[in-house]
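Residue-level structure breakdown
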Amino acid sequence: MNLSATALLLPFDINISPNSNGLPGIQQLRSVVGASMTIGLILAVLALIISAVVWALGANSSNPHLAGRGKTGVLVALGSAIVCGASVTLVNFFWHVGQQV
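Residues numbered from 1 in each chain as written. Predicted model: local features only at pLDDT ≥ 70, side-chain atom pairs only at ≥ 80, totals over all residues. Heavy atoms only, no water.

Going by what an unreviewed UniProt entry lists, the protein chain is known as Integral membrane protein and is assigned to Nocardioides conyzicola.

Written out as structure tokens, the structure reads:
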């Protein structure tokens, strides 16, 4: 096999980047995603409040099962708020990691 045949077998350098105006409705989709992030954060705050109340009721009524459920709810609410708030940063981080491969 000669050098020119080997060069034809190698893949060409493909350079594709995100295109923000390639499809109609991209701006509306960004708006919907932003609104759903806001709803997610509001629901995380609501879950945190409800879980804290359950935790307090369980602790004050000497009910360890209820207090444990409240603690778990607080941790889940905080975790969901972290994921909602950091989702754009996490996706961008892994996008840049993927571009270096």
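Once that is clear, we can look at the overall build of the protein chain. Scanning the protein chain for helices and strands turns up three helices and zero strands. Reading the protein chain from its N terminus to its C terminus gives the helix and strand order α-α-α. Across the 101 residues of the protein chain, 9% fall into the buried class. Contacts in the protein chain between residues far apart in sequence, at least 24 positions, make up 47% of those at least 6 positions apart. For the protein chain, the accessible surface area stands at approximately 8,300 Å², while carbon and sulfur atoms represent 71% of it. (Helix = DSSP H or I, 4+ residues; strand = E, 2+ residues; numbered from the N terminus. Buried < 20%, exposed > 50% of the residue type's maximum accessible area, 1.4 Å probe, protein only. Contact = heavy atoms within 4.5 Å. Areas by Shrake-Rupley, 256 points an atom, 1.4 Å probe, with all protein chains shown as cover.)

As a further point, take the packing of aromatic side chains. Taken as a whole, this structure holds one aromatic pair when the rule is applied. Plain terms: the ring middles of F93 and F94 are 5.0 Å apart, the flat faces sit at 75° to each other, and that makes the pair edge-to-face. (Phe/Tyr/Trp six-rings, centres within 6.5 Å; stacked < 30°, edge-to-face > 60°.)

Turning next to helix α3 (residues 64–99). For α3, spanning 36 residues, the distance from its first C-alpha to its last is 49 Å, which sits close to the expected 52 Å at 1.5 Å a residue. Most pronounced at A86, the bend in α3 amounts to some 60°. Of the residues making up α3, those classed as buried are A67, G70, G73, V74 and A77. Summarising the contacts, the buried residues of α3 are in contact with α2 (26–60). (Expected span 1.5 Å × (residues − 1). Bend = angle between axes of the 7 residues up to and from the residue.)

Time to look at the layout of surface pockets. If a probe as big as a water molecule is rolled over the atoms, it shows which places are left empty. The space that makes up the largest pocket amounts to roughly 200 Å³. Every residue along the wall of the largest pocket is listed here: N19, S20, I26, L29, R30, V33 and V88. A per-element tally of the lining of the largest pocket places α2 first, with four residues. Residues that form the lining of the largest pocket fall into these classes: four nonpolar, two polar and one charged. (1 Å grid on protein atoms, 1.4 Å probe; cavity = no way out; pocket = protein on both sides within 12 Å on 5 of 7 lines; lining within 4 Å. Points joined across faces, edges and corners; volume = space filled by probe spheres on them. Nonpolar A, V, L, I, M, F, W, Y, C, P; charged D, E, K, R; others polar.)

Here the focus is unusual backbone geometry. Its identity as a non-glycine residue notwithstanding, S62 has a phi of 55°, on the positive side. Note on placement: S62 falls in the loop between α2 and α3. The exposure class of S62 is exposed, given its relative accessible area of 65%.

Glancing now at a nonpolar patch on the surface. Together, V45, I49, V53, L57 and L66 give the surface a local cluster of nonpolar side chains, amounting to about 420 Å² of exposed area. Here the nonpolar patch takes four residues from α2, the largest share from any one element. Looking at where I49 falls in the secondary structure, it is placed in helix α2. Accessibility expressed as a relative area gives 49% for I49, which makes it partly exposed. (Patch = residues over 30% accessible without salt bridge, like charges linked within 9 Å, V, L, I, M, F, W, Y side chains within 5 Å. Salt bridge = Lys/Arg side-chain N within 4 Å of Asp/Glu carboxyl O.)

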